[in-house]
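Observations on the model geometry
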Amino acid sequence: MRKVMFAVLTALAVSGCTVQTTDPDGNPRSPVHIQVSHPPDDDKPGATPTQAPTQVPTPTPTPRKATRAPSPPAPVLWSRGDSGRDVRELQARLRQVAWLYDGPTGSYDDLTENAVRGFQGKRGLPRTGRTDTVTWQRLLRMTREPGRWELYLMGGQPAAYPDPRCLTGRVLCISKTSRTLRWMIDGRTVSTVAVRFGSQYTPTREGVFRVYWKSRHHVSTLYDSPMPYAMFFSGGQAVHYSADFAARGYGGASHGCVNIRDETAIAAIFAEVSNGDKVVVHW
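Residues numbered from 1 in each chain as written. Predicted model: local features only at pLDDT ≥ 70, side-chain atom pairs only at ≥ 80, totals over all residues. Heavy atoms only, no water.

Turning our eyes to something else, we now look at the pairing of strand β8 (residues 207-210). Taken residue by residue, a regular strand's side chains alternate between the two faces of the sheet. The alternating pattern of β8 places G207 and F209 on a buried face, while none of V208 and R210, on the opposite face, is buried. Two elements, β8 and strand β13 (residues 278-282), share four bridges in a ladder whose sense is antiparallel. Looking at β13, one finds that F209 is bridged to V279. (Buried < 20%, exposed > 50% of the residue type's maximum accessible area, 1.4 Å probe, protein only. Helix = DSSP H or I, 4+ residues; strand = E, 2+ residues; numbered from the N terminus. Pairing = 2+ DSSP bridges.)

Okay, here's the thing in structure tokens:
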């Protein structure tokens, strides 16, 4: 009997059928499914139990104090050795705040450098002696726009175009507009110098004249003042060197003469001019 039952079961397995089982009441029930679970490797003999990884907290970064990058130096506008109209304005403004007493000359010399250095130190700026944008803006706020004759207080201004009467012969061509004298020969300018005229009470005469007398070491009998290199052209009025003009510039005036502040220049002109040469004083 056992053999018969084994044969039947074997035939059923081969034919692909499923054995149906019944519960105690005789009702069919689903076949039993047996699930085999494999223990994890940790359960194998000799295996080390695996612990859940411990999460390491990420440290909170300590905020760093922001370091301020050093400011780049201010751009330099002018420094020693520079020249021109802008330097002349710088010097005129330094004169307004009593840091410079000479000039303006238009040349950034040692006196200008020292004046800028002093101005910078007084206001807590780097004492470089160079005029950078910060120094210049501070100076602008403390001063006013200089006038033409502040810029050219000590001369150096460009000469006006010569009067037509100056274009022929040998002429001392003197412009009241530009305050300059051109020594001209046949329309060519030999040299140019700054000049100063008389005040409103003792004005310099205008017109066409001739040099009638030259006096190298002249002294005025009327004002008891020296008039070296004097070239008289109208009564007591002459072209001559003036130490006062050299020292004060256009801060003063003559008694009607045409003053020249450059002694070397007037000496050269005096040596070339002859009695009879023309003098033109014009606007």
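Right, let's get into the side chain of Q120. Following the sequence through the fold, Q120 ends up in helix α3 (residues 110-122). Apart from residues no more than four positions distant in its own chain, Q120 is found in contact with L125, P126, R127, T128, G129, R130, D132 and T135. (Contact = heavy atoms within 4.5 Å.)

On to unusual backbone geometry, then. Cis geometry is found at the peptide bond from G103 to P104, where omega equals 5°. Position of P104 among the secondary structure elements: in the loop between α2 (85-96) and α3. One non-glycine residue with positive phi stands out, namely D186, at about 50°. Residue position: D186 is located in the loop between β6 (180-185) and β7 (188-196).

Attention now moves to the state of the cysteines. Disulfides are covalent bonds that connect the sulfur atoms of two cysteines. Summed over all chains, the structure comprises one disulfide. One disulfide in the model links C166 with C173; its S-S distance is 2.2 Å. Looking along the S-S bond of the C166-C173 disulfide, the torsion reads about 75°, which is the right-handed sense. Each member of the pair, C166 together with C173, is buried. (Disulfide = S-S within 2.5 Å.)

Let us look at the pattern of salt bridges. Under the defined criterion, the tally for this structure stands at 11 salt bridges. Its salt-bridge partner being E89, residue R85 comes within 2.5 Å of it at the nearest N-O pair. Of this pair, R85 and E89 both sit in helix α2, four residues apart, roughly one helical turn. With relative accessibility at 39%, the residue R85 sits in the partly exposed group. The shortest N-O distance in the salt bridge between E89 and R93 comes to 3.0 Å. (Salt bridge = Lys/Arg side-chain N within 4 Å of Asp/Glu carboxyl O.)

With that settled, the discussion passes to the packing of aromatic side chains. With the rule as written, the count across this model stands at seven aromatic pairs. Here the aromatic rings of W78 and W136 are separated by 5.0 Å at their centres, their planes lie at 85°, and the arrangement is edge-to-face. With a gap of 58 residues between them, W78 in strand β3 (residues 76-78) and W136 in helix α4 (residues 133-142) connect regions that are remote in the sequence. Comparing W78 with W136 shows no difference in burial state: the two are buried. Through pairs of rings, three or more aromatic residues link up here, namely W149, F245 and Y250. Of note, K214 hangs over the ring of F270, and the distance from its end group to the ring centre comes to 4.4 Å. (Phe/Tyr/Trp six-rings, centres within 6.5 Å; stacked < 30°, edge-to-face > 60°. Lys NZ or Arg CZ within 6 Å of the ring centre and 35° of its normal.)

Among the secondary structure elements, R93 is positioned in helix α2. Look at R93 and you get buried, because its relative accessible area is 4%. Within the local environment of R93, its side chain forms a polar contact with the side chain of T143, the two groups lying 2.7 Å apart. With near-sequence residues (within four places) excluded, R93 lies in contact with W136, L139, L140, T143, R144, E145 and P146. (Polar contact = N/O pair within 3.5 Å; in protein donor to acceptor, adjacent residues only side chain to side chain.)

Quick look at the nonpolar core now. Residues L172, I174, L181 and V239 are the most contacted members of the largest nonpolar core, which totals 23 residues. For this core, the elements supplying multiple residues, two or more each, are β5 (170-175), β6, β7, β10 (226-234), β11 (237-241), β12 (258-260), α7 (263-272) and β13. Looking at this core element by element, the count peaks at four residues for α7. Among residues more than four places away in sequence, those in contact with L172 are L181, R182, W183, V211, V239, I269, V273, K278, V279 and V280. Grouped together as the second largest cluster of nonpolar side chains are 11 residues, W78, L100, Y108 and A115 included. (Core = buried A, V, L, I, M, F, W, Y, C linked by side-chain atoms within 4.5 Å.)

Those residues of α4 that fall on the buried side of the exposure criterion are T135, W136 and L139. What you see down the axis of α4 is that its buried residues fit within an arc of 95°, all on one side. At its buried positions, α4 is contacted by β3, α2, α3 and β4 (131-132). Where α4 begins, the capping side chain belongs to D132, and its oxygen is found 3.2 Å from the backbone nitrogen of V134. (Arc of directions from axis to C-beta.)

We now examine the sheet that holds β7. Reading across from one edge, β8-β13-β5-β6-β7-β12-β11-β10-β9 is the order of the nine strands in this open sheet, with mixed pairing throughout. The open sheet has two edge strands, β8 and β9 (213-219), and neither has a second partner. Going across the sheet, the axis of each strand differs from the next one's by a mean of 30°, ignoring polarity. Here β5 runs beside β13; their pairing, made up of five bridges, is parallel. Looking across to β13, one finds that V171 is bridged to K278. Packing against the sheet, α7 makes contact with β5, β6, β7, β9, β10, β11 and β12, and its axis sits at approximately 45° to β10. (Axes fitted to C-alpha atoms, helices over the stretch in contact; angles between N-to-C directions.)

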